[in-house]
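Residues per chain, in single letters:
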Amino acid sequence: MRRIIVRKDAYYDSVFLMLINQDVKKIDGIQEAVVAMGTDMNRDLLVGMGLSTDEVAAAGPNDLIIALDGSREDALKAAEQAVIELLQKKSASGKGEEFRPTSLQSAVEQMPDANVALFSIPGKFVAREGRKALERGLHCMVFSDNVPLDDEIRLKKLAREKGLLFMGPDCGTAIINGKPLCFANVVRRGPIGIVAASGSGLQELTCSIDKAGGGISQAIGTGGRDVKAEVGGIMMLTALEALAGDPETRVLTVISKPPAESVVDAVIETLKKSGKPSVVHFIGARRREDTGSVQFAPSIEDAALMAVAASGGPAYQAAEFSMDAAAVEKIVAREAAGIGGKQKYLRGLFAGGTLAEEALMVVHEVLGGVYSNVHPNQQFRLEDPSVSREHTVIDLGDDTFTVGRPHPMIDVSIRNEQLEKELASGEMALLLLDFVIGYGAHTDPAGAMASEIAAARKSVKDAGGYLPVIASVTGTEADPQVLSRQKRILEEAGCVVLSSNIQAARLAKRIMEKVG
Amino acid sequence: MAGDNIRTLFTSELKAINLGLESFSETLRREGTEAVQVDWKPPAGGDEKIAALIDRVENNPKLKRDAANDEAVSRVMRSKPTLIDIGIAADVVPGMHKKLVLHSGPPVTWEKMAGPVRGAVIGGLIYEGLAKDAAEAEKLAASGEIEFDPCHHHDSVGPMAGIMTASMPVWIFRNETFGNYAYCTLNEGLGKVLRYGANSQEVIDRLKWMDTVLAPILKEALAAHGPIDMKNLIAQVLQMGDEGHNRNRAGTSLFIRELAPYLVMLDRKKEDLAEVFRFMHTNDHFFLNLTMPACKATVDAARGIEGSSMITTMARNGTEFGIRISGLGDQWFTGPASKIDGLYLPGYSEKDAARDVGDSVITETAGIGGFAMAGAPAIVKFVGGSPQDALNVTRRMYEITLRENDTYQIPALDFRGTPTGIDLFKVVETGVLPAINTGIAHKDPGVGMVGAGLVKPPVKCFHDAFAAYAEKYGVAP
């Protein structure tokens, strides 16, 4: 039973519509729901799903298509009503109270003292809008991905010329003047200034600093490509220079996937020139020798602790775990005891890309090789990111999982679906998870997975085995989801929750070693 | 030094503009940061062909579009439309002759004319004595003996069907700055009137009375008064709740006040003078036929400026909506006339409505009408109901216009000038269409007005015009 409606000239942002899709599909009796603009791609999609009509075929990119497939008439009715309400929620907030400009130019007229522009529009339009923003003297933060490399280089050169920040593309998080931009956590303010070419890495770092009692002056994201040779670290260097001159910033911290060698040299040079104590962590790269005022950290968490120490906090001490060795041993023994039968492999399902990579580095060597869709070594790359092989760590933010749906930090169903697959294989010996909270993320990621975790543990137990679930929560007490609340929900579902991602990975490693 | 701007950011209050996901601006607001959410759309609404045309235009370093548009819109500002006289069309309107019938909108043939326009043509031919009755008039109209041409081709404008024939009296306007002229018939009132396609004896009789009594009396009074600066008058009515298109109550009142002392001094029969007063008083739209030629005289001064993408004409003939562009000569770009999204008079509904018709959209072209909606709270029902909706209609128009008017102001927007000079480029880029207020005619000739509302012009004519603009002024694809 189908219901298909086309609304002419009703443009909505695709991500906004995806969120609506997600809600509507949950309605009992609805098999398929597509609420989308009439682009060529979407129309093809509807043809493929058997949900096309003449009206759909005639729709243009400015027309909204609502296509519903359900088992009952009342379900279709409820779904249609839900879509309309969700769409109106957006327009209602603008109606009668607030005027919404349709262009950057008129937004600037409305707010002449605006100083930053945020972009989460399709990547191919970033060049045009970003240039306009820079020309008007606005700092930019670009959440959008799929921005052509040439565009990124041109825009960053223009930004540098004008002395402006151009964060991104694909920059998911930043904290400017204590305000969270896009995906970010509510952290204490303080003297540590951060420049990061990694989204979830930056979140883990700022939260670890917060947990250790430190505070952030500014946290600037550059987008992952900034440190590649083609871009040359333009924004990383620009941001570091700005932080070097910022009196509120007393410690500089850099976190990034391994940059091009030329960029590494320039970064170190800039840090040294700043005269401020600096901490650097290149995720997944060999730890370098400290040089002058620049210290290299072995992990994100260590980088946080070193930075806190440099900013006047407790002295840095390398430690594998926050809890003492005996407590760790007790947990390892308890969690390893029941694993048996066909249960052989570690399975890590990650929402944060950098967190997945970090965990992979920890477990890879010890377990004699771990497969992953983000493995730097081709030999260990998963052929199909959604099909695990032996020990596996999956970054669920991979494009394979996010076509037509939001990132797993927002859409928790992606991970729940993958968990079902892992369970079905019967090979899973241990489940390793990350939870990222804060602004932008799901309003209750732990709660949205708790019943699935508990059910998974029960089904393994029923089959005569035991499933340890090891997790960490990237977040703070001040986040809307509240760190301690998320932790408690997970513990009640049977998870062992560690205080950082790397500690969770280390514990998982120890348990797997114990099982042998 | 380069870092200065960034360090300024660090010490300033964060103020954000957000293009895209709304939750990002909600986050900022929750954390106490001001954020403007942009209702962003892809350029040209995601139309790749148009986006490519935009690139062609933007990538031409030789095209001085901004300067050309600046010249065009500054001509609009500098124009001084002045009511100078009343004359007979055949004597004053360029090219007018006995067998020429002028109509509103872009060119249209008798075969393709909408019902109300045909009705008005028939009435016009009877009025001119070229036909005895409707049947004869229809035959004559179809014979090819009668020439049809848009008012706009003859320095004229006409509301609704916009029919002007040789014997009709017309207002004469001169643009004192640039010396160009504009003409328009006198408004006949509401109900069964020629401009809505009525052509009964009652209609013809009223037209004859206008010839013999109304026009001569007003002409004499005007001569005694001297030329009237219409720009000044329109500026006043915008501050009295009119927007100059769908509401003309203040304007009609002011006009009566302006002429009253001269009318009463005329050596005319009291009964006739009283009838003239009453005629104007009972027709709130009497002033519309004065704002229209004032706007026509104003915008015509900006025609033909090389490189300018300013829209100098918008007009509808009941079949098609057409526009002309300053930098593209006299070429029309058309699309099908739309149905009007409006409110209906009791007893009528959408199914009675004719398609969009009339030259009155010249008011929007000149920066009033729908563009000054924020100044007309009495008619906000047409745009959603609340005064805020009316404000938003006007504010939206700043997105597609070149300048704020230096004379026409909106009290409710802190006396901000009305959005003036529609830029075709901006229309195409933002996908924001001009907001046009309009009356709705009955689809059958002779019934009259059945409602009023807001009309959405067809996107096609803007896209076609832009394609032609890119062809002439853009770099090669």
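Residues numbered from 1 in each chain as written. Chains lettered and ligands numbered in written order. Predicted model: local features only at pLDDT ≥ 70, side-chain atom pairs only at ≥ 80, totals over all residues.

1. What about the overall build of chain B?
- Along chain B, the regular secondary structure elements total 16 helices and 17 strands.
- Over its C-alpha trace chain B gives a radius of gyration of 23 Å, about what one expects of a compact globule, namely 23 Å for 477 residues.
- When the backbone C-alpha atoms are referred to their principal axes, chain B occupies close to 80 × 50 × 45 Å.
- Buried positions account for 58% of the 477 residues belonging to chain B.
- Partitioning the intrachain contacts of chain B with sequence separation of at least 6 by distance along the chain shows that 73% fall at a separation of at least 24. (Helix = DSSP H or I, 4+ residues; strand = E, 2+ residues; numbered from the N terminus. Rg over C-alpha atoms; globule rule 2.2 N^0.38 Å. Buried ≥ 20, exposed ≤ 12 C-beta atoms within 10 Å, placed from the backbone. Contact = placed C-beta atoms within 7 Å.)

2. Quick word on the overall build of chain A
- Helices and strands together make up the secondary structure of chain A, namely 18 helices and 19 strands.
- The C-alpha atoms of chain A give a radius of gyration of 24 Å, which matches the 24 Å a tight globule of 516 residues would have.
- Summarising its shape, the C-alpha atoms of chain A cover approximately 65 × 65 × 40 Å along the three principal directions.
- With 516 residues in all, chain A has 53% of them scored as buried.
- Contacts spanning at least 24 positions in sequence make up 68% of the contacts within chain A whose residues lie at least 6 apart.

3. A few points about the sheet that holds strand S1 (residues 2-7) of chain A
Residues and elements named next belong to chain A.
- Within the open sheet, the three strands sit side by side as S1-S3-S2. Their pairing is antiparallel. A strand with exactly one partner marks an edge of an open sheet, and here the two such strands are S1 and strand S2 (30-37). Neighbour-to-neighbour, the strand axes of this sheet turn through a mean angle of 5°, independent of strand direction.
- Sheet strands touched by helix H2 (residues 40-48): S2 and strand S3 (64-70). Its angle to S2, the strand with the most contacts, is close to 160°. (Pairing = 2+ DSSP bridges. Axes fitted to C-alpha atoms, helices over the stretch in contact; angles between N-to-C directions.)

4. A look at the domain arrangement of chain A
Residue and element names in this part refer to chain A.
- Along its sequence, chain A is carved into domain 1 (2-94), domain 2 (102-170), domain 3 (189-318) and domain 4 (325-515).
- The straight-line distance from the C-alpha centre of domain 3 to that of domain 4 is 27 Å.
- Listed as interface residues are 15 residues of domain 3 and, on the opposing side, 17 residues of domain 4.
- Secondary-structure elements contributing two or more residues to the side of domain 3 that touches domain 4 are helix H8 (199-211) and helix H11 (300-310).
- The element that contributes the greatest number of residues to the side of domain 3 that touches domain 4 is H8, accounting for nine residues.
- Here the side of domain 3 that touches domain 4 is built from residues that sort into three nonpolar, eight polar and four charged. (Domains from an automatic or database assignment. Nonpolar A, V, L, I, M, F, W, Y, C, P; charged D, E, K, R; others polar.)

5. Some details on the interface of chain A and chain B
- Chain A puts 54 residues into the contact, and the matching count from chain B is 46 residues.
- With five residues, the single largest contributor to the side of chain A that touches chain B is helix H5 (residues 104-110) of chain A.
- Looking at the side of chain A that touches chain B, its residues break down into 26 nonpolar, 15 polar and 13 charged.
- Pairing analysis gives four bridges linking strand S4 (residues 116-119) of chain A to strand S1 (residues 15-19) of chain B, with the strands arranged parallel. When the sheet's bridge partners are listed, Phe-119 of chain A is paired in S1 of chain B with Leu-19 of chain B.

6. Considering the pairing of strand S12 (residues 278-282) of chain A
Residue and element names in this part refer to chain A.
- Among the five residues that make up S12, five are buried, leaving the element largely enclosed by the rest of the structure.
- Here S12 shows two buried faces, one formed by Ser-278, Val-280 and Phe-282 and the other by Val-279 and His-281.
- Strand direction decides the pairing type here: strand S11 (residues 251-256) and S12, joined by five bridges, are parallel. Bridged to Val-254 within S12 is Val-280.
- Handedness of the crossover is the feature at issue here: the chain leaves S11, passes through helix H10 (residues 261-274), returns alongside S12, and the resulting connection is right-handed.
- Pairing geometry for S12 and strand S13 (residues 294-296), over three bridges, is parallel. Paired with Val-279 across the bridge in S13 is Gln-295. (Right-handed = clockwise from strand over helix to strand, strands pointing away.)

7. Brief notes about the domain arrangement of chain B
- Assigned domains of chain B: these are domain 1 (14-46), domain 2 (56-75 + 302-473) and domain 3 (81-294).
- Here the C-alpha centroids of domain 1 of chain B and domain 3 of chain B sit 49 Å apart.

8. A look at the environment of Asp-55 of chain B
- Assignment of secondary structure puts Asp-55 of chain B in helix H3 (residues 48-58).
- Along the sequence, Asp-55 of chain B and Leu-263 of chain B sit 208 residues apart, while their C-alpha atoms lie 58 Å from each other.

9. What about the sheet that holds strand S6 (residues 169-175) of chain B?
- If you walk across this open sheet you meet the four strands as S7-S6-S3-S8 (chain B), and the pairing is antiparallel. Edge positions in the sheet fall to strand S7 (181-185) and strand S8 (228-229) of chain B, since each has one partner strand and no second.

10. A look at unusual backbone geometry
- Between Gly-168 of chain A and the following residue, Pro-169 of chain A, the backbone shows a cis peptide bond with an omega angle of 5°.
- As for its placement among the helices and strands, Pro-169 of chain A is situated in the loop between strand S6 (166-167) and strand S7 (173-176).
- One non-glycine residue, Asp-414 of chain B, lies in positive phi territory at about 55°.
- Mapped onto the elements, Asp-414 of chain B comes out in the loop between strand S14 (401-410) and strand S15 (416-422).
- Look at Asp-414 of chain B and you get exposed, because 7 C-beta atoms sit within 10 Å.

11. Brief notes about the confidence of the model for chain A
- On average, residues of chain A carry a pLDDT of 92, and 97% of them reach 70 or more.
- Ignoring residues within four places in sequence, the model shows residues 90-96 of chain A, a span with pLDDT below 50, making six contacts including any to other chains. (pLDDT = per-residue confidence, 0-100.)

12. Describing the environment of His-245 of chain B
All names here are of chain B.
- With respect to the helices and strands, the residue His-245 is situated in the loop between helix H9 (230-238) and helix H10 (249-263).
- On a C-alpha basis, the gap between His-245 and Leu-288 in space is 6.4 Å, while along the polypeptide they are 43 residues apart.
- With near-sequence residues (within four places) excluded, His-245 lies in contact with Ser-360, Thr-363, Glu-364, Ile-368, Gly-369, Gly-370 and Asn-437.

13. Quick word on the nonpolar core
- Grouped together as the largest cluster of nonpolar side chains are 154 residues, with contacts concentrated most on Leu-118, Cys-140, Met-141 and Ala-508 of chain A together with Ile-17 of chain B.
- Apart from the residues within four sequence positions on either side, Ile-17 of chain B is in contact with Leu-104, Ala-107, Val-108, Met-111, Ala-114, Ala-117 and Leu-138 of chain A together with Val-36 and Val-38 of chain B. (Core = buried A, V, L, I, M, F, W, Y, C linked by C-beta atoms within 7 Å.)

14. Overview of the packing of helix H9 (residues 234-244) of chain A against H10 of chain A
Residues and elements named next belong to chain A.
- Two numbers describe how H9 lies on H10: the axes approach to 10 Å, and their chain directions differ by 5°. Overall, the two elements H9 and H10 adopt an arrangement that is roughly parallel. Every residue of H10 that contacts H9 at Met-236, Leu-237, Leu-240, Glu-241 and Ala-244 is listed here: Ala-266, Val-267, Thr-270, Leu-271 and Ser-274.
- Counted by class, the contact of H9 with H10 contains seven nonpolar, two polar and one charged residues. (Parallel < 35°, antiparallel > 145°, perpendicular 65-115°, else oblique.)

15. Considerations on helix H15 (residues 413-425) of chain A
All names here are of chain A.
- Between its first and last C-alpha atoms H15 spans 19 Å; for 13 residues at 1.5 Å apiece the expected length is 18 Å, and the two agree.
- Listed in full, the buried residues belonging to H15 are Ile-414, Arg-415, Gln-418, Leu-419 and Leu-423. Looking straight down H15, one finds its buried side chains confined to an arc of 170°; they lie on one side. For H15, the exposed residues set more than 90 degrees away from the buried face come down to Glu-420 and Ala-424.
- Next to the buried residues of H15 lie strand S14 (345-350), strand S16 (392-395), helix H14 (399-402), strand S17 (428-436) and helix H16 (445-462).
- Just beyond H15, the residue with positive phi is Gly-426, at close to 75°. (Expected span 1.5 Å × (residues − 1). Arc of directions from axis to C-beta.)

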